[in-house]
Amino acid sequence: MTTQTATSTRELTFAEALREALHEEMARDERIFVIGEDVGAWGGVFRVTEGLYEKFGPDRVVDTPISEEGFTGLAVGAAMTGLHPVVEIMFGDFITLAMDQIVNQAAKMRYMSGGQAKVPITIRATTGSGRSSGGQHSQTMHTWFAHAPGLKVVYPSTPFDAKGLLKTALREENPVVFFEDKLMYAKFKGHVPQDEYTIPFGKADIKRAGKDVTIIATARMVYAALEAAEKLAEEGIQAEIIDPRTLVPLDKETLIQSVIKTQRAVIVDQGYIDYGVTAELAASIYAGAFDYMEAPIERLAAPQVPIPFSPPLEFSTIPDPQAIIAAVQRTLEGRGA
Amino acid sequence: MLDKEKLIEIYRKMLTIRRFEEAIFDLYRGGKMPGLAHLYSGEEAMAVGACAALNSDDYVTSTHRGHGHILAKGGEPRRMMAEVTGRVDGYCRGKGGEMHIADFSIGILGANGIVGGGLGIAAGAAFSAKKRGTGQISVAFFGEGGINQGIFYETLNMASAWKLPLIYVCENNQYGEYTSWKQITAGKRLIDRAIAMGAAGEEVDGNDPLAVYEATQAAAERARKGEGPSLIVGLTYRYTGHHVGEPGKGYRSEEEIEEWHRRDPIPRYEKYLVENGVASGSDIEEIQTEVSETIAEAVEFALAAPFPELSELTQHVFVE
Amino acid sequence: MAVEFVMPRMGLTMEEGAVVKWHKQVGEAVKKGELLLEIGTDKVTTEVEANADGILGKILVAEGVSVPIGTPIAYIIAPGEILPEAEPAPQAAQATRVSKPKIAPNNSVQTGASDGDKNLRASPAARRVARELNLALTAIDGRGPQGRILETDVRRAWAQLQRSSERRVTPLAARVAADRGIDLSQVQGSGPRGMIRKIDLPIAATTPNLEGELFELSSAHKVMAERMATSFSTAPHFYLVTEADASALVKLRQKLLPKIEATHKIRLTYTDLLAYFLSKALAEQPMVNAAWSEGKLRLNSEVNLGIAVDSPRGLVVPVIHSAGHLSLGEISMARSELTEKARAGSLNIDDLAGGTFTLSNLGAFRVDTFNAVLNPPQAAILAIGRIHDKIVPHEGQPAIRPVIGLSLTCDHRVLDGAAGARFLTRLVELIEEPYSFFV
């Protein structure tokens, strides 16, 4: 369990934690500027950039036309020439418009130039379904970028993790795609220390220790897992919950060691099931913990359909605590007392 | 107007490009170069004329047909030759290759394998220069094919709205791969697209380096003064097709090719220099010999250079 | 990293050792320095400690099997570690792989992995553990989904096997239990490591014990029994018996007692004196200090005198090495030290090795003379009885004189009667006329 320091903490929402990170890092490093739709004068559609425009001015908080490819490409060029842009993609689904700039340009520039280029760009994009926004506004596309060499991919679950990881991203000299679940911005709260801190990439966090089964969950799914774990504990089943926090670089070792201990794993993520994050994590675990496994790995994710509009249909695509509990019980079948 | 030294330099650079491309042609045909070779032969006036108006620290992005731009901006033939032959002593340690050569030390932000791929980057460099207040400007080279990519309009819109110090140099060599521009391009003039967006636009003879120079010089002044972006469109022609060894020349007529050879920018400029007393016949010869030797040495250097070690494979993905 | 445990070298002359008793089971935790097993040589049984912390991962040599020193006999592994499949085949002809647990009557679990395992549904963990414990999956009952065998199933089967394995029940208890239909898996054993003995069985106490219990012999006892049987049946024994006048011996001892006490702080015994005389006589007649060795005769260069001692573990024969070079006081000290070690059970292999002649003294008991069995490969052994008063002819008149009985056993392959007699005569001379030592 990540221990918080003894210094004072306060409760912040997910958005407030991210906002604080932006304020602090922009004050610290004048190369950083924010660019995206409605981020400046309006303060951001999800309020994450609120207050930055007033504090740092239009030079550092740039409102753009609706040109995802254009302003992402512009940000890539700016990153290559001495600045650190923070691009906001309002709905993560729109990131597809900027794929060339991110995958073919930003991700490959350093390698193709033999190390001459440096591309310190942070691209923030949203994920998550559950508000009847339909198939083009509800997707979780992190795995697309984890698959492209040259990109780091971050996906925090708590305000504490979000702030610490965003600060690290803003100090990174490499392209980072930073995913934020939009349903967590205003409603999900957590303790964040007053004092300065960062969280390194490549370090998973054990959100709950246990011995009977390992549940690996990302972002909002961590909360569903915690709820499921409480119910399971009533039946004497102690689940260990691990949050990878960064998909690239991925802390495989922590996941593998946990499954060696518990011998069973359930992986929960909001992306689509096929070829998704759950598939990659499962493969890594099989590779590292095969001889210790008692059951096949259970994967819970969105089914391979466009996210539907109608609420009962949409909710059925989001893994919930009941589904996690059922998955855990499947892995324990036959174990006996 | 340019002084004598600069005028001769223009000649030297155009010739360097031509000889370089000819050497690549031979290397490629001789099986000594992997991948593809997209040669700039015939378009030299555009790259050299435009770069003559730029400072060393101004930014340039290029295309898949980038040897000309890189040499014009100051790139070294031997390091380029080593790169196209995949050697570790190349600009990009053999990892970029013919379409991705870059020299960040002289503002060359890379040739690019995606058509239009340099447009966003050039706009970003202009944005960065403006924000940092350095007075640098940014030039995006692209073709009449790239001008139809969405990102041209997106960046032109932002550059015009924000008055970025950006120059778009469109080399209309009249063919996007194997399709003639006439069949797929709307509007009377390409520059109208820029003018419609509030930017400046100028059409030039793409085979006249001095015309290209003057248009770029004017655009550079506007940029440095904060008056925003310009689009320069030059009509020109590529002699060796889209890439060396393309299947047949059937999409272009023999007459057309011959016609454009008659308008070869290099002999034309030679004539201009001699007729205007800028350079003598022997000056020309001297330059020709020098250039040939430089290119020959570059080839030798490249072919003797080692390939990268396998350990190079996983390096430079990230800044560690 | 798996730590190899080899048959250790416990003494100068040890070339091979037998695994007498494992004190840990496969799967049990082991600490460095903890007792792991007992090893037997032809002389003595020794306790051996584990050389690493971990878990006893594999036993390669079973109890009762003898292997050359340096042969791997077990592996100690780290928790969670898996051993490679490779098997180091021990050199000794008798050595076999870990003996498979016997199948108890009610248990149908078979042992040893087989090809039939390949088509079974079993979790990776189950397969690994079954491999480690050398269990076949084919007969394990799987309680996972669709009958999949889980690790818990494998461990359950193993535990069952442990409880019902034969070697944890004495043969008598097993027979009685079978006769009376007693389920041994319900019985708690009170013997070593939970071994079930007849007294553990739940049967009425009034049942008379008609037969008497069979006890396992200690390793040392077993060894002695074998050696004596072999010696007696192989070497042709003949016995030369006599009685010597012991008065000079008694006087000699009396005189020497205080002197030896002063110089060596030790109480001189008759055994010491006889040992001293023996060394002299053996040095004079090397044929008696010989050994029969596969059809050849070895004349030993040193006189290494074995002194038979009664110890808590039974008869042991520690050796006073190079007795011919030792003074009486030194011989006395050596004898004392060895006797003490024998009583404490702390004799090591070197103490027992290399003997060329043995002296066996039952003089403390009511034994006048006795004939000893040869201590192979030695050619002779001297047995002496008590010093006691007897009416004997002395200068033509009957007198009461102290006498001592001596019996020299000889290996007729090495010695003939005359050679043996010459030796015995010389010895008697030294006893009756000690000053003839100077001749």
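Keep in mind that this is a model prediction, so the values were computed, not measured. (Residues numbered from 1 in each chain as written. Chains lettered and ligands numbered in written order. Predicted model: local features only at pLDDT ≥ 70, side-chain atom pairs only at ≥ 80, totals over all residues.)

> For this particular structure, what's the right way to read the overall build of chain C?
The number of helices and strands found in chain C is nine helices and 18 strands. Every one of the 439 residues in chain C was classed for burial, and the buried ones make up 33%. The contacts of chain C with a sequence gap of at least 6 include a subset with a gap of at least 24, amounting to 62%. (Helix = DSSP H or I, 4+ residues; strand = E, 2+ residues; numbered from the N terminus. Buried ≥ 20, exposed ≤ 12 C-beta atoms within 10 Å, placed from the backbone. Contact = placed C-beta atoms within 7 Å.)

> Just checking my understanding: could you explain the pairing of strand S8 (residues 72–77) of chain C for this structure?
Two faces belong to every sheet, and in a regular strand the side chains alternate between them. Residue and element names in this part refer to chain C. Where strand S1 (residues 3–6) meets S8, four bridges bridge the pair, whose relative direction is antiparallel. Note that in S8 the partner of Val3 across the bridge is Ile76. Alignment of strand S6 (residues 54–59) against S8, held across four bridges, turns out to be antiparallel. From the neighbouring strand, Ile55 faces S8, where its bridge partner is Ile77. (Pairing = 2+ DSSP bridges.)

> What is the right way to look at the interface of chain C and chain A in this model?
The extent of an interface is frequently quoted as the accessible surface area lost upon association of the parts. With 13 residues of chain C at the contact, the number on the chain A side is twelve residues. Here the side of chain C that touches chain A takes three residues from helix H1 (residues 124–133) of chain C, the largest share from any one element. Residue classes in the side of chain C that touches chain A are distributed as five nonpolar, four polar and four charged. (Nonpolar A, V, L, I, M, F, W, Y, C, P; charged D, E, K, R; others polar.)

> Help me understand the interface of chain A and chain B in this model?
Taken together, the contact pairs 34 residues of chain A with 34 residues of chain B. Counting residues per element, the ones that place at least two in the side of chain A that touches chain B are helix H3 (68–80) and helix H4 (99–112) of chain A. The element best represented in the side of chain A that touches chain B is H3(A), accounting for ten residues. Along the lines of polarity and charge, the residues of the side of chain A that touches chain B split into twelve nonpolar, 16 polar and six charged.

> Would you mind showing me how to read helix H7 (residues 328–344) of chain C here?
The α-helix winds at 3.6 residues per turn, so residues separated by three or four positions along the chain end up facing the same way. Residue and element names in this part refer to chain C. In a regular helix each residue adds 1.5 Å, so 17 residues correspond to 24 Å; H7 covers 24 Å between its end C-alpha atoms and thus fits that length. Among the residues of H7, Gly329, Ile331, Ser332, Ala334, Arg335, Leu338 and Ala342 are the ones counted as buried. The positive-phi residue at the C-terminal boundary of H7 is Gly345, with phi of around 75°. (Expected span 1.5 Å × (residues − 1).)

> Sorry if this is basic, but what is going on with the environment of C:Glu243 here?
Residue and element names in this part refer to chain C. Assignment of secondary structure puts Glu243 in strand S9 (residues 237–245). In the structure, Glu243 is positioned 163 residues away from Leu406 in sequence and 5.9 Å away in space, judged by C-alpha atoms. In this structure, Glu243 is in contact with Val403 and Gly405, ignoring residues within four places of it in sequence.

> Just to check I follow, could you spell out the sheet that holds strand S3 (residues 166–172) of chain B for this structure?
For sheets, the rule is that strands pair by backbone hydrogen bonds, running either parallel or antiparallel. All names here are of chain B. In space, the five strands of this open sheet follow the order S1-S2-S3-S7-S6, with parallel pairing throughout. Because the sheet does not close on itself, it has two edges, and the strands there are strand S1 (59–61) and strand S6 (200–205). Pairwise comparison of adjacent strand axes, ignoring direction, gives a mean angle of 20° for this sheet. Pairing analysis gives six bridges linking S6 to strand S7 (residues 230–235), with the strands arranged parallel. What sits directly across from Gly201, in S7, is Leu231. Relative to S6, helix H9 (residues 209–224) is tilted by about 165°, and along the sheet it contacts S3, S6 and S7. (Axes fitted to C-alpha atoms, helices over the stretch in contact; angles between N-to-C directions.)

> What should I look at first to understand the packing of helix H5 (residues 247–264) of chain C against H7(C) in this one?
Helix packing for two helices is described by the angle between their axes and how far apart those axes are. All names here are of chain C. Across the interface, H5 lies against H7 with an axial gap of 10 Å and an inter-helix angle of 75°. Between H5 and H7, the interaxial angle falls into the category roughly perpendicular. Residues Ile260, Thr263 and His264 of H5 lie in contact with H7, whose contacting residues are Leu328, Gly329, Ser332 and Met333. Of the residues belonging to the contact of H5 with H7, the class tally is three nonpolar, four polar and no charged. (Parallel < 35°, antiparallel > 145°, perpendicular 65-115°, else oblique.)

> For this particular structure, what's the right way to read the environment of B:Ile167?
Residues and elements named next belong to chain B. Among the secondary structure elements, Ile167 is positioned in strand S3. The exposure class assigned to Ile167 is buried, which follows from the 30 C-beta atoms found within 10 Å. Note: C-alpha distance between Ile167 and Ala219 (52 residues apart in sequence) is 6.6 Å.

> Would you mind going over the sheet that holds strand S4 (residues 84–89) of chain A with me for this structure?
Residue and element names in this part refer to chain A. Sheet architecture is open: seven strands sit in the order S3-S2-S4-S5-S7-S6-S12, paired in mixed fashion. Each of the sheet's edge strands pairs with one partner strand only, and the pair in question is strand S3 (61–63) and strand S12 (246–248). For this sheet the average axis-to-axis angle between neighbouring strands, irrespective of direction, equals 20°. Inspection of the sheet shows strand S2 (residues 32–36) paired to S4 by five bridges, in the parallel sense. Within S4, the position partnered with Phe33 by the bridge is Pro85. In the packing of helix H6 (residues 159–171) onto the sheet, the strands contacted are S2, S4, strand S5 (122–127), strand S6 (152–154) and strand S7 (176–181), and the crossing angle to S7 comes to about 160°.

> It is not clear to me how the nonpolar core should be interpreted in this structure. Could you clarify?
The tendency in soluble globular proteins is for nonpolar side chains to be buried side by side. Core analysis: the biggest nonpolar cluster contains 213 residues, and A:Ile215, A:Ala225, A:Ile324 and B:Val139 have the highest contact counts within it. Sorting elements by how many residues they give to this core places helix H1 (residues 4–29) of chain B first, with ten residues. Two domains each provide a minimum of three residues to this core, namely domain 1 (9–193) and domain 2 (205–332) of chain A. Sequence-distant contacts of B:Val139, that is, excluding residues within four places in its chain, are made with B:Ala50, B:Leu54, B:Asp58, B:Tyr59, B:Val60, B:Ala122, B:Ile167 and B:Val169. If you look at the next biggest cluster of nonpolar residues, it comprises 54 residues, including C:Ala235, C:Ala244, C:Tyr270 and C:Ile384. (Core = buried A, V, L, I, M, F, W, Y, C linked by C-beta atoms within 7 Å. Domains from an automatic or database assignment.)

> What's the story with helix H9 (residues 277–289) of chain A in this structure? I'm lost.
Residues and elements named next belong to chain A. Here H9 contains 13 residues, and its C-alpha end-to-end distance of 18 Å stays within 8% of the 18 Å for a straight helix at 1.5 Å per residue. All of the buried residues along H9 are Val277, Thr278, Leu281, Ile285 and Ala289. Projection of H9 onto a plane perpendicular to its axis shows the buried side chains occupying an angular sector of 90°, all on one side. What points out from H9, more than 90 degrees from its buried face, is the exposed set Ala283 and Ala287. (Arc of directions from axis to C-beta.)

> Help me understand the packing of helix H6 (residues 270–284) of chain C against H7(C), please; the structure alone is not making it clear to me.
Residues and elements named next belong to chain C. In contact at an axis separation of 9 Å, H6 and H7 are set at 125° when each is read in the N-to-C sense. With respect to each other, H6 and H7 are oriented oblique. As H6 packs across H7, the resulting crossing turns out to be right-handed. Mapping the contact onto sequence places Thr271, Asp272, Ala275 and Tyr276 in H6 and Leu328, Ile331, Ser332 and Arg335 in H7. The residue inventory of the contact of H6 with H7, partitioned by class, reads four nonpolar, two polar and two charged. (Left-handed = near helix turned anticlockwise from the far one by under 90°.)

> Please explain the pairing of strand S2 (residues 16–22) of chain C as it appears in this structure.
All names here are of chain C. With five of seven residues buried, S2 is to be regarded as a mostly interior element. Across three bridges, the pairing between S2 and strand S7 (residues 66–68) is antiparallel. Bridge pairing in S7 links Ala18 to Ser66. Bridge analysis of S2 against strand S4 (residues 35–40) gives four bridges, and the strand direction is antiparallel. Bridge pairing in S4 places Val19 opposite Ile39.

> Just to check I follow, could you spell out unusual backbone geometry for this structure?
Leave glycine aside and you will find that most residues have negative phi; peptide bonds, for their part, are mostly trans. For the bond from A:Val248 to A:Pro249, the omega torsion is -5°, close enough to zero to count as cis. Within the fold, A:Pro249 resides in the loop between S12 and helix H8 (252–262). Looking along the chain, the bond that leaves C:Pro376 and enters C:Pro377 is cis, with omega of 5°. Relative to the elements of secondary structure, C:Pro377 occurs in the loop between strand S16 (357–361) and strand S17 (380–394). In the Ramachandran plot, B:Arg93 falls in the positive-phi region, its phi being about 55° despite a non-glycine side chain. Along the chain, the position of B:Arg93 falls in the loop between helix H4 (77–84) and helix H5 (117–132). A residue is classified by how many C-beta atoms lie within 10 Å of it, and B:Arg93, with 22 of them, is buried. Phi angles above zero are rare outside glycine, and B:Lys163 is one such case at about 55°. Its place among the elements puts B:Lys163 in the loop between helix H6 (150–162) and S3.

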